[in-house]
Amino acid sequence: MAYPMSRAVLGAKTVPVPTSPVVWAGYVVKTWRACALVVFLWALAVSMLGFFSPVKMSRVFEDVSHFLPALLFVIGVVGAVRIGHEIGKDVMHVLGYGDIKVVSAHAGRAVVPERGRRIAQASVLVGLFLGTVAAAIIRAVSGDWLEMLLLIGLSLPLLVWSVKVLRLARIMWLKAREEHRIHWDIIASGQHTVGTVVAVTNEKFLLDNRAMFHVDVEYLIQGRMETSRIRFFDYTVWAPAIGNEFDVWVDPERPFVQERILLERRYVGQKFAHFTDLPVPGVHASEEDLVARPGTEPDGTVAGARAGIAQAGAAVNLATVSGVAESGSSAPALKRLPQWMADETAASGAATPRAARRTRILIGIPPNLIAVLALIGTLLVPPMVQDVPWWTLAALWLYTVLTIINAAIYWQFMLRSRWFIRSGVSFGATEAAVFAGFFAAGFAMLSTHSMVMAPLNREIPWTAAHVLTWAAVIGALLVFEWAFTSNAWALRHLNAEFPAPPEVIQEALTGHDPDGVDKLEKDYGYRAGVFLCT
């Protein structure tokens, strides 16, 4: 997606986050999904206060009926905080820009703007309010009137606060959608021209592992030659060079209003620059400032990222900036490649379709095996094991459902499902849920005499239900460990048998063309989406 000039000019406190329509739509879905999960987890956690009291923690370890709610409370809070942290990143992509937070003299990171945080705040407050109401109802049913009144008293200010923040979040969301629509209207019906880079500065500043560049872009609008100095961030493998092209769209009714000027960098067919190790901030580099290295073009540029990777020697290495800046501090290391590109080029070459499919199946075997064990074992517990309380069965079914969801996500990966790749679903959240379910199911089983002590003491025989459920629960540890391996392999083998030029992939992920990702798949078989960007 193109981005407004006002977010790219020098001195702006924001940084554009361009995404293609497919990726943008994926982040919208991902944001709503994360918000719904945060509401659910906070509501679940706070509703558990209807079963146990934090001021009477000693009772928690004396009675399973108190311990399980306390455990669910902790799991809910931890899960809600973890997922809530990701909402900001997702909203930043929905907005199309982020604020720059300077960490040091040479580095910073993009953070969600203040107004973008409202949706996360609204999700938390709604979850707290719903959980408080549920806890009050549970206390009323159990006859704890004093604690019910305390919870009702807490819910009233939460309701007022929730309504206020929800209203602000709705305004923010509608404004973001409107800005997105305006940008697409300008692209669809505005005046289009091609801008050329006439000067470049490579600054000693990194933002989320991307180097900051200043470029002068020259373009013709309504018979008038304009030169705009903009700032953008990109990986050094695609460092801009003089002569690079930008697509420029302007609103014909307001052609010189910054908010109505959209720019989008071209990657395909461009040459990329090599800069001196210590560029001077604030001074544009001319062609003489570009250092020609072995294998470069006469003007000091490299045609395409593949040549840059070959020069680097190893695709995943960091291009370390040598020397000391004028201030006396060392310049930061520059990460040359986006993560999806680093993972893919780390492989030993394009895999055969058979080998790639075999690897994807291998990645999915452990989670699917554990889900099968959990389902069969849980189904066999009622007919095979006596005196199993309801909370143990509930914990087992909760764990089983979580393992099945996790297995389904792995199936989507194994099949290279477009929905999976484009919707932003990841292994991390479902694997963490399985591990959380491990604690609930494991403690419930340990506290149930007929599930552990009775067969150990030979009071009852071991049954298939015992073996399968314990194998499935202990398997959660394997899933947790497998997560590190599967996450490392996932991007590397998602498109292993479908190599595509990295510039084509990058342009499809960040360009305005709504069919860009589909064309990428049609031409190369390569499937792209939010999964590659997270």
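Residues numbered from 1 in each chain as written. Predicted model: local features only at pLDDT ≥ 70, side-chain atom pairs only at ≥ 80, totals over all residues. Heavy atoms only, no water.

Asks: So what exactly am I meant to see when it comes to the confidence of the model for the protein chain here?
Replies: For any part of a model where pLDDT is low, the fine detail of the predicted coordinates should not be relied upon. Mean pLDDT for the protein chain: 82, with 84% of residues reaching 70 or above. Here strand β12 (residues 318-319) stands out as the element of the protein chain with the lowest mean pLDDT, 30, in contrast to helix α14 (residues 516-524), whose mean of 95 is the highest. Scored below 50 in pLDDT, residues 305-334 shows 67 contacts in the model against residues more than four places distant or in partner chains. (pLDDT = per-residue confidence, 0-100. Helix = DSSP H or I, 4+ residues; strand = E, 2+ residues; numbered from the N terminus. Contact = heavy atoms within 4.5 Å.)

Asks: How should I be thinking about the pairing of strand β4 (residues 107-111) in this particular structure?
Replies: Where a strand is regular, its side chains alternate between the two sheet faces. Pairing between strand β3 (residues 97-102) and β4: 4 bridges, direction antiparallel. Across the sheet, Val-102 pairs through a bridge with Gly-108, a residue of β4. In this structure, the hairpin formed by β3 and β4 is closed by a connection of 4 residues. Both β4 and strand β5 (residues 191-207) contribute to a ladder of 2 bridges, which runs parallel. (Pairing = 2+ DSSP bridges.)

Asks: What is the right way to look at unusual backbone geometry in this model?
Replies: One can expect most non-glycine residues to show negative phi and most peptide bonds to be in trans. Although it is not a glycine, Asn-209 adopts a positive phi angle of roughly 70 degrees. Along the chain, the position of Asn-209 falls in the loop between β5 and β6 (210-221). You can call Asn-209 partly exposed: its relative accessible area is 40%. Non-glycine residue Arg-458 carries a positive phi angle of around 60 degrees. Note on placement: Arg-458 falls in the loop between α11 (453-456) and α12 (464-494). Look at Arg-458 and you get exposed, because its relative accessible area is 77%. (Buried < 20%, exposed > 50% of the residue type's maximum accessible area, 1.4 Å probe, protein only.)

Asks: What's the story with the pattern of salt bridges in this structure? I'm lost.
Replies: A side chain with one charge can pair with a side chain of the opposite charge if their charged atoms come near. This structure, assessed with the given rule, holds 21 salt bridges. The partner of Arg-7 in a salt bridge is Glu-179, and the shortest N-O contact between them spans 3.2 Å. A residue pair is termed long-range when its members are at least 10 positions apart, and Arg-7 in the loop between β1 (3-4) and β2 (14-16) and Glu-179 in helix α4 (residues 145-189) qualify at 172 residues. Residue classification places Arg-7 among the buried positions, given a relative accessible area of 11%. With a relative accessible area of 18%, Glu-179 lands in the buried category. Among the ionic pairs, Arg-181 bridges to Glu-178, the shortest N-O distance being 2.4 Å. Of this pair, Arg-181 and Glu-178 both sit in helix α4, 3 residues apart, which is roughly one turn of the helix. What makes Arg-181 partly exposed here is its relative accessible area of 41%. A cluster of three or more residues bridged by salt bridges with shared partners is formed by Arg-7, Arg-115 and Glu-179. (Salt bridge = Lys/Arg side-chain N within 4 Å of Asp/Glu carboxyl O.)

Asks: What exactly am I supposed to notice about the environment of Ala-408 here?
Replies: As for its placement among the helices and strands, Ala-408 is situated in helix α8 (residues 390-414). In this structure the C-alpha to C-alpha distance between Ala-408 and Thr-430, which are 22 residues apart in sequence, comes to 9.8 Å.

Asks: How should I be thinking about the packing of aromatic side chains in this particular structure?
Replies: Centre distance and the angle of the planes are the two values used to describe a pair of aromatic rings. Enumeration according to the criterion identifies 14 aromatic pairs in this entry. Ring plane angle 85 degrees and centroid distance 5.5 Å describe the contact between Phe-413 and Phe-427, whose orientation is recorded as edge-to-face. One end of the pair, Phe-413, is in helix α8; the other, Phe-427, is in helix α10 (residues 427-446), with 14 residues separating them in the sequence. Exposure class is identical for Phe-413 and Phe-427. Each is buried. Relative to Phe-439, the ring of Phe-438 has its centre 5.2 Å away and its plane inclined at 70 degrees; by these criteria the two rings are edge-to-face. Given a relative accessible area of 16%, Phe-438 falls into the buried group. Among the residues examined, Phe-439 registers a relative accessible area of 41% and is labelled partly exposed. (Phe/Tyr/Trp six-rings, centres within 6.5 Å; stacked < 30°, edge-to-face > 60°.)

Asks: Honestly, α8 in this entry has me stumped. Any pointers?
Replies: The α-helix winds at 3.6 residues per turn, so residues separated by three or four positions along the chain end up facing the same way. For α8, which comprises 25 residues, the first-to-last C-alpha distance of 36 Å matches the rise-based estimate of 36 Å (1.5 Å per residue) to within 8%. A positive phi of about 55 degrees marks Arg-416, the residue just after α8. (Expected span 1.5 Å × (residues − 1).)

Asks: Sorry, what's going on with the nonpolar core here?
Replies: If you look at soluble globular proteins, the nonpolar side chains tend to sit buried side by side. If you look at the biggest cluster of nonpolar residues, it comprises 65 residues, and the most contacted ones within it are Trp-340, Phe-531 and Leu-532. With 11 residues, helix α1 (residues 21-47) is the largest single contributor of residues to this core. Each residue touching Phe-531, except ones within four places of it in the same chain, is listed here: Phe-420, Ile-421, Val-425, Phe-427, Ala-490, Leu-491 and Leu-494. Ranked by size, the runner-up nonpolar core spans 22 residues in total, among them Tyr-3, Ala-8, Val-200 and Tyr-219. (Core = buried A, V, L, I, M, F, W, Y, C linked by side-chain atoms within 4.5 Å.)

Asks: Help me understand helix α3 (residues 118-142) in this model?
Replies: Helix length check: α3, at 25 residues, gives a terminal C-alpha distance of 36 Å against a target of 36 Å (1.5 Å per residue), a fit within 8%. Looking at α3, one finds that the buried residues are Ile-119, Ala-120, Ala-122, Ser-123, Leu-125, Gly-127, Phe-129, Gly-131, Thr-132, Ala-135, Ala-136 and Arg-139. Following α3 by one or two positions, Gly-143 has its phi on the positive side, about 85 degrees.

Asks: How should the environment of Ile-186 be read in this particular structure?
Replies: Within the secondary structure layout, Ile-186 lies in helix α4. On the basis of relative accessibility, which here comes to 4%, the residue Ile-186 falls in the buried class. When the C-alpha atoms of Ile-186 and Leu-262 are compared, they prove to be 8.1 Å apart, with 76 residues separating the residues in sequence. Each residue touching Ile-186, except ones within four places of it in the same chain, is listed here: Trp-249, Val-250, Asp-251, Arg-260 and Leu-262.

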